[in-house]
Amino acid sequence: MGISYVKNPTASSKHIGSSLKDINIFLEALSASLDGYCWLIGQGIVPASKLLNHSEIQLFSATTYFINEMAILTVSEYMKNHDTFQNAVATPYETEATAKLKCTVIVRLLDFVSVVLQEGPKVASLLSQHSVWSPTMFSLLTSCTLDPASVGFNIKDTEVSKHLPSRLEEILGIMARRGPSEVIKEYSDYLEKQLQKPENDIIKMLPLSLSETAHISLRSRHVIEGVGVLEKSGWLAKCNVVSYSIAKELVDWLCGSIFKEQNLTVSGISPHPSLLKFLYAVMQLAITLDPKVKHHLLSWATNNDTVTGTSGQEVEKGSHVLSVLGPNLIPHFLESPDDALSRCVEMIREGRFLPAMGFASALLTCLIRNADIRKRHSVKVVQSFLKHWPTLAAQAGKTSLHQDSVLGLLSSLFLIDREGIIKGHCTNSRSDIVVFYNGSLADAKVELQAKIKVLKLLPFFFAMGEDIAKSVSEAMEMLSLNHFPLHSTEFPQGGARDREYQQALCEILTALELSLSPILLRFVINLFCREDKHRYEEAMHESLEKFMKKLPLLKQQETLKHIYDMYNDPLCVKQNLRYNIMDLVLTPLLQQAEAVPTQNFLLSVISAVMAGMSAPVQGRSDEQHKTLVTKVGSFMILQIMYSKLPREKLFAPGSEINAAFRPGDQSGKELTKEIFRYAAKISKGELRHDQTHGELRRLCACAAYNAIIAVLACVQNDLRFYTNFLFSANPTKGEVIWECLVDCSKKLEFDVEINFKPTSKKRFVAVRQKLREAAREEGVVAAGTVQYMASHYLSDSSLREDMSQFDFNNSVVLAMSQTESSSERVAAANEMGGVLLPVHMDQSDYNGHEVMANLTAVINHMVDAEIMVLHKGDTVPKATDVPQWMTLVQQKLDGSDTPRNVKLFLLRVMMNNARIFEPYAAHFVSTILTCLVDGTIGDKINYFFCDVMVMVMGWGSKAVPEDTVMGRNIVSRVLRYLCMNTPQTRADIFKYNLDVVRSVVECWKSLLTVPYTVIYSLMEVKDGAEREVEAGLQLLGIILANGLPPYTVDSETEKKRCESLVIKLLGAHYASVYGAAAEVMGLILKYASQEEGSVDALEDAVVKRVTELTVRMQGQGLTCVYKYP
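Enquirer: What is the right way to look at the pattern of salt bridges in this model?
Expert: Two side chains with opposite charge may pair up if their charged atoms get near one another. Inspection of every chain in the model, using the stated rule, returns 36 salt bridges. Linked by salt bridges that have partners in common, Glu316, Arg343, Glu346, Glu350 and Arg352 make up one network.

So this is what it looks like as structure tokens:
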């Protein structure tokens, strides 16, 4: 059976061979044989009794030979003991390989023995029959357990150190349980004699202190580990030689070894990491020998003697023991948490609160970090803490440190409470933990920063039950009263108190998302809705969205009804609160709710909503206020209803919601008709007759208008309905739309000093590029890029670096347009400027208006749903082809009696829907440009002005005014307005103003009448505080760069004025002025030479001026020459 090399192995070694190779062959064969027998017997393939009783089996003889002759000897000793190997030569490497192979055979042998023992007494008796059980075998087992290195195991091999002890524990355990009684008796006696030897005395082999040595011998480590293996396998109890009293001595050595005494001072030491494993082994052995020694360990871990810690500060002995041995020591304390917590309470009564809290925190931290330990012990630990909670909670009120410590314990208890023990303990609001928590929240003496830690536990308490949740909510009210501002803007933004307030709100909102508590939702609603614009309103919206998405469908419906009842509460006298509940809470949650709970909610409230919509506004001021809020809320709900639900649910026979409103209506349309009737009246001015609560009346009109938009988009596909309801008003009936929706009394001022965004700057470049390509295709201008003055890019200015972030007309852009092919440039331009999206450079105007988003959406809906078909092609549509609603918008913009704010609103509508207005741009451009120059937008180049220019120029050739007197006049007025407002001290705005002028000149230069008088006047300003002179030169440079004359043709007076001004400015004080003047003069000379031929006189004047400058100020003269293009 694999042992063909040993015919009579017990006679001598000559049958094995005479070289190391022969030994290896024997060991490999024996290892394979043992492995094979283990597998056949262990898997039950062949019965052990049949297999091992075979007459020709050689395994037992080979095994006996191995045990008696080779197992406990080294390879070298074996070869010395047998004459046949006297001439054999082996290298250290070969010897080591053979030793490793021998150890493998030992492990296989032990496996074989354990397999045979498990087959029963009959099979196990074969081991005794074949002399496997012998003193040598007992010596082999003991050596492997207590000193594996003596047998030949490489104890530096991690596989050996990791797996050998557990393997021996398993085999010895089987031997103790299944071995023959006489074998057990013999091995017990043998083991007892071995353990009594001095070299195996556990206590004597331990050093007095770890401070005296940094090394513990491997033999000592193995003896400690081996004794532990013998104890776990049951053999130590059988030999009665190791006294269990030694466990206490081991603990004393273990804990005492990490301290040293020097000059009558005891100090703690931090053992080397390599020694910690040995310390853990000693601790494990002590506990294995006597589990009761844990009480002694607990005494050490809570010892109050003062020593010097490793950092030089005074600490308790117990704290040092925990810091060194804690990770392996704490799990043993968790097996009897009552004892540990009782000791903790004793420490508190002794006045040692902080050490007690440190010990308790260590217990809980161990549970939190280890899932297996948490699974086994968490229930008992939580119960023990709850038992002693009154003692712990009584300490919380002493100082903030006491409060934080107890709160930390409570937080950890919630984290490890897998079975909901705390929730079961807290049966009502009078439970000790609930009382403690509510007191922590309501205590006015504790600062808000400390209470933020208390708020982190809110999700646990709001999930306990309604009674407890209500009591916690009352404590939250006290917290709000004591620490929260009446208005969110009361604290300076970004300050310490504001950050604490924000952090507290975040914890409350997080608790809402986690607990899904309707009681906490009510508190959040009252907190955020008590002011019209809360500083952290956005955080509330995000939290409410997550809250609604987590709720199950039934809970969603209940929550919506709960909030609606808050809004519709007849006892609520704060109408602003009611409005904010609807606007900030109910409508966002309705939008987030699923379709089924939304429909069920609407079924339950539709009658009340319709009654509120149709309620007359009359009575005293407070009664009107309440009615208006009710009407606004009703329209908001109706808007969401028609936005979310399909047409067949609202405007068809069988509509449940319609039936809930009018049970007898078979058509299913009465609800929609009723909404149209009332909403149209209100959106067109029914409430304007009285200005009591004027702003709320405007909001009511906006809500009605939004509701009409939603109803139309849901049930109508006829453009006439959209036109009549949304854009058309009959003045003879007193109807107005836009004056009802827009606050005409508010004076809007648009900011000039803004940081322009790159996307907007790039759009101007794209617009010019796009128009230029179109002009090239028509053959109007030659190919190439307009070359502007270098100073236009401020290349020599001290502001050059500051301007780099705003400059999008640099060499990169120019190089791109010069090197790309024509088709590539057209594609790039279309990509950048083909579809103009709304420009949001500032949110202070009508982009945030109540109806803007819905109006923009419905205009796009009319196009997308093909309710309105846009004009296609490059031809200009006839006036009769312009949609009627657009014509009504244009008439409103043209109207002299139209309020300024209405015009601004409609311009913003056009900008937000520029793609839809683009095919009809030719009919709107004059109206829009008139608004630019008549003061509607302001008297400066502001961001609103620039947004309008982006839109108009983005329309390209479709928006070029007609070549008529009126068209030329309006374009010239725009250019004149721009030139007058170009000067600006701030570099980025000045640069942007020039960009706008440059775009207008490029796009509409065929229609321009250049305002030379304005430009020359700027160049003549003496002080130049607003950079007027530089602006005039740059403007003149733009005119020249686009091929336009620098003065009115045939006007000799203007020509002389222009030339003399530029020559004079060559001697200006500032480099930005005389540099630009040199460039402009070069462009003038170039223009004059091309158009007039002779420029000798002008050249002579320029040469004379530059020569004078060179003589007086060489640097300035050379700069002028250098700048000369």
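Enquirer: What am I meant to see in the pairing of strand β2 (residues 265-268) here?
Expert: Residues in a regular strand point their side chains to alternate faces of the sheet. Relative to β2, strand β1 (residues 259-262) runs antiparallel, the two sharing four bridges. Residue pairing for β2: Lys260 is matched across the bridge by Ser267. What sits between β1 and β2 in their antiparallel hairpin is a turn of two residues, with Asn263 showing a positive phi close to 55 degrees.

Enquirer: So what exactly am I meant to see when it comes to a nonpolar patch on the surface here?
Expert: The grouping of Ile368, Leu415 and Phe460 at the surface amounts to a nonpolar patch, some 250 Å² of accessible area in total. When you line up the elements, Leu415 lands in helix α21 (residues 400-416).

Enquirer: Mind showing me how you'd approach the packing of aromatic side chains here?
Expert: The description of two aromatic rings rests on the distance between their centres and on the angle between their planes. On inspection of all chains with the given rule, the structure shows 31 aromatic pairs. Between Phe414 and Phe461, the aromatic rings sit 5.4 Å apart at their centres with planes inclined by 75 degrees, giving edge-to-face as the arrangement. With Phe414 in helix α21 and Phe461 in helix α25 (residues 458-462), the pair connects residues that are 47 residues apart, well separated along the chain. Phe461 carries the same exposure label as Phe414, and that label is buried. Between Phe750 and Tyr943, the aromatic rings sit 5.6 Å apart at their centres with planes inclined by 85 degrees, giving edge-to-face as the arrangement. In this pair, Phe750 is assigned in the loop between α38 (738-741) and α39 (758-777) and Tyr943 in helix α48 (residues 943-954), connecting sequence segments 193 residues apart.

Enquirer: What should I look at first to understand the side chain of Ser634 in this one?
Expert: Here Ser634 is to be found in helix α33 (residues 621-644). Beyond its immediate stretch of four places on either side in the chain, Ser634 contacts Tyr567, Val609, Gly612 and Met613.

Enquirer: I would appreciate a short explanation of the environment of Thr95 in the present structure.
Expert: Within the element layout of this structure, Thr95 appears in helix α5 (residues 92-117). Using a relative accessible area of 21% as the deciding quantity, one classes Thr95 as partly exposed. Spatially, the C-alpha atom of Thr95 lies 6.7 Å from that of Val75, the residues being 20 residues apart in sequence.

Enquirer: It is not clear to me how the packing of helix α43 (residues 852-864) against helix α45 (residues 900-912) should be interpreted in this structure. Could you clarify?
Expert: How two helices sit against one another is set out by the angle between their axes and by the gap between those axes. Interaxial distance between α43 and α45 falls to 10 Å at its minimum, and their mutual angle equals 45 degrees. The orientation of α43 with respect to α45, classified from their angle, is oblique. By crossing handedness, the relation of α43 to α45 is classed as right-handed. For the pair α43 and α45, contact is made by Met852, Leu855, Thr856 and Ile859 and by Phe905, Arg908, Val909 and Asn912, respectively. Its residues assigned to classes, the contact of α43 with α45 shows five nonpolar, two polar and one charged.

Enquirer: Sorry, what's going on with the environment of Phe60 here?
Expert: Tracing the chain through its elements places Phe60 in helix α3 (residues 59-71). With relative accessibility at 2%, the residue Phe60 sits in the buried group. Once the C-alpha coordinates of Phe60 and His130 are considered, the two residues, 70 residues apart in sequence, prove to be 6.1 Å apart. Not counting the four nearest positions on each side in its chain, Phe60 is found in contact with Leu52, Phe112, Leu126, Leu127, His130 and Val132.

Enquirer: Would you take a moment to explain the confidence of the model for the chain for this structure?
Expert: Any region with low pLDDT has predicted coordinates that should not be read closely. Across the chain, the average pLDDT comes to 82, with 86% of residues at 70 or higher. Between residues 1-14, whose pLDDT stays under 50, and residues either more than four places distant or in other chains, the model counts 28 contacts.

Enquirer: How do you make sense of the nonpolar core when you look at a structure like this?
Expert: A general tendency of soluble globular proteins is for nonpolar side chains to be buried together. Counting 369 residues, the largest nonpolar core has Leu52, Phe112 and Phe461 as the members making the most contacts within it. The element that contributes the greatest number of residues to this core is helix α36 (residues 694-715), accounting for 16 residues.

Enquirer: I would appreciate a short explanation of unusual backbone geometry in the present structure.
Expert: Outside of glycine, negative phi angles account for most residues, and trans bonds account for most peptide bonds. In this structure, Leu516 is a non-glycine residue whose phi angle is positive, near 55 degrees. By the secondary structure assignment, Leu516 is in the loop between α27 (496-515) and α28 (518-529). By relative accessible area, which is 23% here, Leu516 ends up partly exposed.

Enquirer: Help me understand the side chain of Asn901, please; the structure alone is not making it clear to me.
Expert: Relative to the assigned elements, Asn901 resides in helix α45. Asn901 sits in the buried class, given a relative accessible area of 3%. Polar side-chain contacts of Asn901 include one of 2.5 Å to the backbone oxygen of Lys746. Among residues more than four places away in sequence, those in contact with Asn901 are Val742, Asp743, Cys744, Ser745, Lys746 and Tyr846.

The rules behind the values
- Residues numbered from 1 in each chain as written.
- Predicted model: local features only at pLDDT ≥ 70, side-chain atom pairs only at ≥ 80, totals over all residues.
- Heavy atoms only, no water.
- Salt bridge = Lys/Arg side-chain N within 4 Å of Asp/Glu carboxyl O.
- Pairing = 2+ DSSP bridges.
- Helix = DSSP H or I, 4+ residues; strand = E, 2+ residues; numbered from the N terminus.
- Patch = residues over 30% accessible without salt bridge, like charges linked within 9 Å, V, L, I, M, F, W, Y side chains within 5 Å.
- Areas by Shrake-Rupley, 256 points an atom, 1.4 Å probe, with all protein chains shown as cover.
- Phe/Tyr/Trp six-rings, centres within 6.5 Å; stacked < 30°, edge-to-face > 60°.
- Buried < 20%, exposed > 50% of the residue type's maximum accessible area, 1.4 Å probe, protein only.
- Contact = heavy atoms within 4.5 Å.
- Axes fitted to C-alpha atoms, helices over the stretch in contact; angles between N-to-C directions.
- Parallel < 35°, antiparallel > 145°, perpendicular 65-115°, else oblique.
- Left-handed = near helix turned anticlockwise from the far one by under 90°.
- Nonpolar A, V, L, I, M, F, W, Y, C, P; charged D, E, K, R; others polar.
- pLDDT = per-residue confidence, 0-100.
- Core = buried A, V, L, I, M, F, W, Y, C linked by side-chain atoms within 4.5 Å.
- Polar contact = N/O pair within 3.5 Å; in protein donor to acceptor, adjacent residues only side chain to side chain.

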